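Structural features, examined
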Amino acid sequence: MIKSKNKNFKKWGYKENSKKLYSRTNVHKNFSEKDIDVWMLGIVKIKGDERILDLGCGDGKQIIAFGKKLTKGGKIIGCDISNELLKKAEEKAKENNINASFLLHDINQPFSFKDEEFDFISSLFSIYYVKNPLKVILEIKRLLNKKGKLFIAGPTPNNARDFWELHSKITNKKIPQVSLERGTRIHNTFIPLIRKYFRNTEIDIFKNIVHFPSSEELLKYYSSSLLLEESSKNREEKKIFLDKMKREVEKFIERNGAFDIKKEVYGILAYK
Ligand SMILES: C[S@@+](CC[C@H](N)C(=O)[O-])C[C@H]1O[C@@H](n2cnc3c(N)ncnc32)[C@H](O)[C@@H]1O
């Protein structure tokens, strides 16, 4: 399914690695000023008996957050292209007693669900990997019932900008075009599309600061980022970037006590 020869898929397609996703999620959990789930659940009110579809569910972070709000009649389905992540999500859902099921599915492809099957569709940090945003937005609309709602989260163009500049400085390279385009895709592509095809689009921005207490923690985050991955395909070169980053961050931490990355995330809530 993901071995498409389509050039556009190669550019946008992304099957997450479970260790890397875990590493980034953990950094946010341990060193962020604010909890993103609190922000998300403040915007998306789950009634309890809803049928929810989570696109690009990864290892189940939002399956757990939304799932905990469901009552007996409610159900959540997580979909992802990574079987490995779906298995982890399934384990977590079982541990948390959540009525969830999981689907190995590429969201670039239409679903076999009937029209208006869901009350709520979510996609956090995932939808900007799709190759044809219009097709995906229209498929989401088809799957939502008349009062159905959509919630999407992803980076604003300002997300982690200082860190990107530091990366540029130490690598002596421009930010890769694909990273730039992905980082602005919610702003440039998804918001206009959602405004066009949905009603009552509400946009919120979640501002957070991640305080890295040591260069080791920052390097875990950096080495699990797509920014590093897309900046070089060469292992040795990546190692040089990591060493340089370590030195820069150590200098900074010595002077300031911690190294901060400013995160900015859009939350878009829209109704069919
Ligand atoms: C950054 S992770 C986010 C996971 C989760 N929503 C979270 O916030 O922790 C992006 C997820 O989207 C999935 N993904 C990327 N392209 C996809 C596609 N075409 N169809 C389904 N899932 C996809 C990846 O495998 C990965 O699990």
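Residues numbered from 1 in each chain as written. Predicted model: local features only at pLDDT ≥ 70, side-chain atom pairs only at ≥ 80, totals over all residues. Heavy atoms only, no water.

Before going further, it helps to spend a moment on the packing of helix 2 (residues 18–31) against helix 10 (residues 215–223). Relative orientation of the contacting elements helix 2 and helix 10 amounts to 140 degrees, with a least axis distance of 8 Å. Looking at the two axes, helix 2 sits oblique to helix 10. Regarding helix 2 and helix 10, the two cross each other, and that crossing is left-handed. On helix 10, the residues that touch Lys20, Ser23, Arg24, Val27, His28 and Phe31 of helix 2 are Glu217, Lys220, Tyr221 and Ser223. Of the residues assigned to the contact of helix 2 with helix 10, the class counts are three nonpolar, three polar and four charged. (Axes fitted to C-alpha atoms, helices over the stretch in contact; angles between N-to-C directions. Helix = DSSP H or I, 4+ residues; strand = E, 2+ residues; numbered from the N terminus. Parallel < 35°, antiparallel > 145°, perpendicular 65-115°, else oblique. Left-handed = near helix turned anticlockwise from the far one by under 90°. Contact = heavy atoms within 4.5 Å. Nonpolar A, V, L, I, M, F, W, Y, C, P; charged D, E, K, R; others polar.)

This part takes up the state of the cysteines. Counted under the stated rule, the structure contains zero disulfides. Of the cysteine sulfurs around cysteine 57, a residue in no disulfide, the closest is that of cysteine 79, at 6.7 Å. (Disulfide = S-S within 2.5 Å.)

Before going further, it helps to examine helix 9 (residues 185–197). The end-to-end C-alpha distance of helix 9 is 17 Å, a good match for the 18 Å that 13 residues give at a rise of 1.5 Å each. The largest bend in helix 9 amounts to roughly 25 degrees and is located at isoleucine 191, with the proline proline 192 lying one to four residues further along. Where helix 9 is concerned, the buried positions are Arg185, Ile186, Phe190, Ile191, Leu193 and Ile194. (Expected span 1.5 Å × (residues − 1). Bend = angle between axes of the 7 residues up to and from the residue. Buried < 20%, exposed > 50% of the residue type's maximum accessible area, 1.4 Å probe, protein only.)

Moving on: the site of the ligand. Around the ligand there are 21 residues in total, and Tyr14, Gln62, Asp80, Asp106 and Leu124 lie nearest to it. In this structure, a nitrogen atom belonging to the ligand sits 2.9 Å away from a main-chain N or O atom of glycine 56. One nitrogen or oxygen atom from the main chain of leucine 124 is found 2.9 Å from a nitrogen atom belonging to the ligand. Contact with the protein chains removes 97% of the 590 Å² of surface that the ligand exposes when unbound. Sorting the residues of the shell around the ligand by element identifies helix 2 and helix 4 (61–67) as the ones contributing at least two each. (Near = heavy atom within 4 Å. Polar contact = N/O pair within 3.5 Å; in protein donor to acceptor, adjacent residues only side chain to side chain. Areas by Shrake-Rupley, 256 points an atom, 1.4 Å probe, with all protein chains shown as cover.)

This part takes up the sheet that holds strand 6 (residues 199–212). Pairing is mixed across the open sheet formed by seven strands, whose spatial order is 3-2-1-4-5-7-6. A single partner strand is all that each edge strand has here, and the edge strands are strand 3 (100–104) and strand 6. On average, adjacent strands in this sheet sit at an angle of 15 degrees to one another, irrespective of strand direction. Bridge count for strand 5 (residues 144–155) against strand 7 (residues 259–271) is seven bridges, and the pairing is antiparallel. Directly across from lysine 149, in strand 7, lies its bridge partner tyrosine 271. (Pairing = 2+ DSSP bridges.)

As annotated by UniProt and renumbered to match this structure, "domain: Methyltransferase" (unreviewed entry) occupies residues 47–156. Summarising residues 47–156: 28% helix, 32% strand, and an end-to-end C-alpha distance of 28 Å. (UniProt positions renumbered as here; feature names shortened; annotations may be inferred.)

Another aspect to go through is the pattern of salt bridges. Tallied over the entire structure, the rule returns 20 salt bridges. Put simply, lysine 92 and aspartate 59 hold a salt bridge, and the shortest N to O gap is 3.6 Å. Here the residue lysine 92 occupies a position in helix 5 (residues 83–95), and aspartate 59 occupies one in the loop between strand 1 (51–55) and helix 4, the gap between them amounting to 33 residues. Between glutamate 139 and arginine 142 there is a salt bridge, with its nearest N and O atoms 2.9 Å apart. A residue pair is termed a helical-turn pair when its members lie 3 or 4 positions apart in one helix, as glutamate 139 and arginine 142 do in helix 6 (residues 133–143) at three residues. For glutamate 139, a relative accessible area of 13% translates into the label buried. The exposure class assigned to arginine 142 is partly exposed, which follows from its relative accessible area of 25%. Salt bridges sharing partners connect three or more residues here, namely Lys20, Glu229 and Lys238. (Salt bridge = Lys/Arg side-chain N within 4 Å of Asp/Glu carboxyl O.)

This next bit is on the side chain of serine 123. Its place among the elements puts serine 123 in strand 4 (residues 118–124). We classify serine 123 as buried; its relative accessible area is 0%. A polar contact of 3.1 Å, which involves the side chain of serine 123, links it to the backbone oxygen of leucine 55. In terms of polar contacts, serine 123 uses its side chain to reach the backbone amide nitrogen of isoleucine 127, at 3.4 Å. In contact with serine 123, other than residues within four places in its own chain, are Asp54, Leu55, Phe151, Ile152 and Ala153.

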